[in-house]
Amino acid sequence: MSPLVPARPHTDVTWLDLDETQVAVLRHDAVSVTDLPTLFDAGFRALGALIASGAVTPTGPAVAIYHGDPSQVFDIEIGFPIARPLADPLSTPAGDVTGRVVPAGPAAAFSHLGPYDTLATAWERLMTAVHAAEVPLRAGGLVEVYVTEPTPDVDPATMRTDVIALTDRVAVS
């Protein structure tokens with residue numbers, strides 16, 4: 001089994017079997033890519049306040065879980081991995097934070113080094129491998145893990161984001 005965030009980047013598309021991961025997330029339905037900057041800013045501000053208050057304790061870097069085709073209208077969950085499930089929803093100005101699980105199981109992963117505006121190339125590389133292997137995706141099957149926290153002093157060229165496709169099975173080489 002593999003953690004959602006490995007210590008080393010996936011320098012090529014890697015097929016793995018993920019561990020189950022508890023997450024605390026804000027869910028937004030029927031959004032488009034143009035909505036993401038506003039949703040991420042408000043969402044991470046709200047989640048940051050919950051972390052500062054001690055209501056949520058992250059165990060890893062921020063994640064986004066995409067439901068549907070991100071080139072169309074889709075649903076998204078923005079949050080952090082946590083050690084224990086949330087007992088109840090937590091109210092924030094950006095919406096209710098709820099607990100969910102990124103289920104254990106097969107996946108394909110690739111690490112992107114660079115600014116967020118070039119993430120599409122990483123997704124294209126990952127999805128090309130998934131489609132070539134004829135491996136179907138699981139529901140809620142696209143995950144981004146923001147391994148490098150974007151701060152004003154971080155060089156965008158060095159930021160690591162892992163892109164993960166949750167699949168029905170691991171491809172056979």
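Located above this text is the structure these notes cover.
Residues numbered from 1 in each chain as written. Predicted model: local features only at pLDDT ≥ 70, side-chain atom pairs only at ≥ 80, totals over all residues. Heavy atoms only, no water.

Peer 1: Kindly report on the overall build of the protein chain, identifying the contributing residues and their values.
Peer 2: Helix and strand counts for the protein chain come out as 2 helices and 9 strands. Traced from its N-terminal end to its C-terminal end, the protein chain shows the element sequence β-β-α-β-β-β-β-β-α-β-β. Rg of the C-alpha trace for the protein chain: 15 Å, near the compact-globule value of 16 Å for 173 residues, within the 12% margin. If one aligns the C-alpha atoms of the protein chain with their principal axes, the spans along those axes are about 45 × 35 × 35 Å. Across the 173 residues of the protein chain, 43% fall into the buried class. When contacts within the protein chain are restricted to residue pairs at least 6 apart in sequence, those whose partners lie at least 24 apart make up 73%. Accessible area of the protein chain: about 8800 Å², with a carbon and sulfur share of 56%. With 9 positive and 21 negative side-chain charges, the protein chain shows a spacing of 6 Å between the two charge centroids. (Helix = DSSP H or I, 4+ residues; strand = E, 2+ residues; numbered from the N terminus. Rg over C-alpha atoms; globule rule 2.2 N^0.38 Å. Buried < 20%, exposed > 50% of the residue type's maximum accessible area, 1.4 Å probe, protein only. Contact = heavy atoms within 4.5 Å. Areas by Shrake-Rupley, 256 points an atom, 1.4 Å probe, with all protein chains shown as cover. Lys, Arg positive; Asp, Glu negative; His and termini not counted. Charge placed at Lys NZ, Arg CZ, Asp CG, Glu CD.)

Peer 1: Can you lay out the nonpolar core for me, pointing to particular residues and giving the numbers?
Peer 2: Of all hydrophobic cores here, the largest spans 32 residues; its most connected members are Phe40, Tyr66, Ile76, Leu126 and Val163. Elements with a contribution of two residues or more to this core: β2 (21-31), α1 (36-53), β3 (63-67), β4 (74-81), β7 (105-113), α2 (119-132) and β9 (160-167). When residues no more than four places from it in sequence are discounted, the contact partners of Val163 are Ala108, Ala109, Phe110, Leu119, Ala122, Trp123, Leu126, Val143 and Glu144. Among the nonpolar cores identified, the runner-up in size contains 14 residues, and Leu4, Leu16, Ile65 and Ile164 belong to it. (Core = buried A, V, L, I, M, F, W, Y, C linked by side-chain atoms within 4.5 Å.)

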